[in-house]
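Chain by chain, the residues run as shown.
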Amino acid sequence: MKTTRRGFVRATGAGVLGATLAPRVARGQAPAVATGGAFDVVVVGAGVFGAWTAYHLQRAGRRVALIDAYGPGNARCSSGGQSRVIRMGYGDQEIYTRWSMRSLELWKALLRQAGRVTQFQPAGVLWMAREQDALTTKTLQTLGRLGVKHERLERSQLAARWPQIDLGPVTWAIYEPDSGFLAGFHVVQTVAQMAVASGAVYMQESILPPAGKDGLAAVSTRTGKTVSAKTFVLACGPWLPKLLPDVLGERIFPTRQEVFYFGVPAGDDRFQSPAMPIWVDFVEEIYGIPDFKGRGFKVAPDRHGPPVDPDSLERVPSPETMARVREFVGRRFPALKDAPIVASEVCQYENTSNGDFLIDRHPEWANVWLVGGGSGHGFKHGPAVGEYVAARIADGKPVDAKFSLAAKQKVQQRTVF
Ligand SMILES: Cc1cc2nc3c(=O)[nH]c(=O)nc-3n(C[C@H](O)[C@H](O)[C@H](O)COP(=O)(O)OP(=O)(O)OC[C@H]3O[C@@H](n4cnc5c(N)ncnc54)[C@H](O)[C@@H]3O)c2cc1C
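Read on for a plain summary of the structure.

About the thresholds
- Residues numbered from 1 in each chain as written.
- Predicted model: local features only at pLDDT ≥ 70, side-chain atom pairs only at ≥ 80, totals over all residues.
- Heavy atoms only, no water.
- Helix = DSSP H or I, 4+ residues; strand = E, 2+ residues; numbered from the N terminus.
- Rg over C-alpha atoms; globule rule 2.2 N^0.38 Å.
- Buried < 20%, exposed > 50% of the residue type's maximum accessible area, 1.4 Å probe, protein only.
- Contact = heavy atoms within 4.5 Å.
- Lys, Arg positive; Asp, Glu negative; His and termini not counted.
- Charge placed at Lys NZ, Arg CZ, Asp CG, Glu CD.
- Salt bridge = Lys/Arg side-chain N within 4 Å of Asp/Glu carboxyl O.
- Pairing = 2+ DSSP bridges.
- Axes fitted to C-alpha atoms, helices over the stretch in contact; angles between N-to-C directions.
- Core = buried A, V, L, I, M, F, W, Y, C linked by side-chain atoms within 4.5 Å.

**Concerning the overall build of the protein**
- When you go through the protein residue by residue, the secondary structure sums to 11 helices and 18 strands.
- Taking 417 residues into account, the globule formula puts the C-alpha radius of gyration at 22 Å, and the protein, at 21 Å, falls close to it.
- Principal-axis analysis of the C-alpha atoms places the extent of the protein at approximately 70 × 45 × 40 Å.
- Counting every position in the protein, which comprises 417 residues, the buried fraction comes to 57%.
- Taking the intrachain contacts of the protein between residues at least 6 apart in sequence as the baseline, contacts between residues at least 24 apart amount to 75%.
- Taking the 50 positively charged and 38 negatively charged side chains of the protein as two groups, their mean positions are separated by 7 Å.

Below, the structure is given as structure tokens:
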């Protein structure tokens, strides 16, 4: 295949992934885009799931192409925000606690290797609970059983430790000191860079809805290229229903989600780590992340918004959500009552019916994997998801029923938080 200089750069993604990839765009290198089984695995989607899957596969010795329409961690994708929480607590959903534990290990190892350890901030996570709080009570039991470091704190202890929080109806809490937040899209770009540094080929291309009979031989791009491989991983987040409307059109529900950053008072460090932890109030369906690098105190409702299209969604916050979030902040963080909003993000969750991830083979094409359904909590699990997908591709074992396509219903009823 003839590869123009522009096409070649696109194929290796130097512009998107940064200078550290420069060696891979040297002139004369073999064309990355090819037909005839050039790759063992093509991973479509360089969000957190696809980037980690590509990384694990490449490290396992596969020849991997990682393809993304807009670039790793782009502003439209679900992995595109400034920051994402990694917590261990998941009620009695032990598998997600285990995956969070494993993922945190892998995040730290990769960031150490990349020389970017500050892309994980161990700010601690505070679960604020009411008296009879089933989710937090189950979380406490699971954390204890799995040996996750945590404290149970009573209201008086909370008030003494974090006087800048008005506890309102909160009577107790769990504090996870070793949990924290990851630097959102930056960290996804780091994973993609590490995959490329390990030998994966990155291409900035948009894949057309695939077509095949017994399996998929190749995917075609909007620019007219064909990329063939033995195995394909479609990790297209909220785009999965558009890419595979027959299979996923009614099983992944992309919803509008808004995030606000409040400017903290001048000279006031009470809203930054270590003075302020990440906090979660599940009853009010809202959580926040301390001010990091002066970008503002992040507050985000977790309640699902209306359906959206990730390509065309205008990323401008709604006055209704802004008013609701301002009211909450004024009530629970009194020093921020009149704080200005200094930035905002409008993103989308790509929900499955109940919040369990989708990790399964395509129902008709055995060499195609569907990986997505992060459902508002997937980011932290990128490393474990990628590891799981790479292992199933290698060993051919069936996937856990929880992650199967068959378990995904057409009506939303959230059970994973
Ligand atoms: C506001 C918000 C806050 C969140 N907070 C947290 C949190 O604190 N902790 C947590 O663990 N999780 C959180 N999540 C959830 C988490 O971010 C997502 O579950 C996760 O990022 C999903 O990643 P993904 O790789 O599946 O999808 P995406 O990140 O959307 O990646 C999909 C990629 O596929 C590409 N693509 C799509 N179609 C094509 C095509 N045809 N050809 C080529 N490429 C294509 C896109 O460009 C995109 O880059 C949050 C989500 C949102 C929106």
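**Some thoughts on the pattern of salt bridges**
- Tallied over the entire structure, the rule returns 25 salt bridges.
- For E285, the salt bridge is made with R303, and the minimal N-O distance between the two is 2.9 Å. In this pair, E285 sits in the loop between strand 13 (278-281) and strand 14 (286-289) while R303 sits in the loop between strand 15 (297-301) and helix 10 (319-332), placing the two residues 18 residues apart along the sequence.
- Given a relative accessible area of 25%, E285 falls into the partly exposed group.
- Exposure remark for R303: the relative accessible area of 42% places this residue in the partly exposed category.
- Its salt-bridge partner being R414, residue D302 comes within 2.8 Å of it at the nearest N-O pair. Placement of the pair is D302 in the loop between strand 15 and helix 10 and R414 in the segment after helix 11 (382-395), with a sequence separation of 112 residues.

**Let's talk about the sheet that holds strand 7 (residues 172-176)**
- One open sheet holds the eight strands; their spatial order is 6-7-5-13-14-15-12-16, and the pairing between them is mixed. Edge positions in the open sheet fall to strand 6 (151-154) and strand 16 (341-351), since each of these has one partner strand only. When strand polarity is set aside, the average angle formed by the axes of neighbouring strands in this sheet is 20°.
- Direction of pairing for strand 5 (residues 125-129) relative to strand 7: antiparallel, over a ladder of five bridges. Opposite W127, over in strand 7, you have I174 as the bridge partner.

**Re the environment of P340**
- Relative to the helices and strands, P340 is located in the loop between helix 10 and strand 16.
- By relative accessible area, which is 48% here, P340 ends up partly exposed.
- Note: C-alpha distance between P340 and L234 (106 residues apart in sequence) is 40 Å.
- If we ignore the near neighbours within four places in the chain, the residues touching P340 are Y261, F262 and G263.

**Description of the sheet that holds strand 4 (residues 120-121)**
- Pairing within the open sheet is antiparallel, and its three strands lie in the order 3-8-4. This sheet does not close on itself; its edge strands, each paired only once, are strand 3 (84-86) and strand 4.
- In this structure, strand 4 lies alongside strand 8 (residues 180-182), joined through two bridges in antiparallel fashion. Within strand 8, the position partnered with F120 by the bridge is L182.
- Relative to strand 3, helix 4 (residues 94-114) is tilted by about 120°, and along the sheet it contacts strand 3, strand 4 and strand 8.

**Observations regarding the nonpolar core**
- Among the nonpolar cores identified, the biggest contains 70 residues, and W107 and V233 are the most heavily contacted of them.
- Every residue in contact with W107, bar those within four places of it in the chain, is listed here: V48, W52, I86, L182, V187, V191, F379, K380 and P383.
- Core analysis: the second largest hydrophobic core is formed by 28 residues, V44, I67, L240 and L370 among them.

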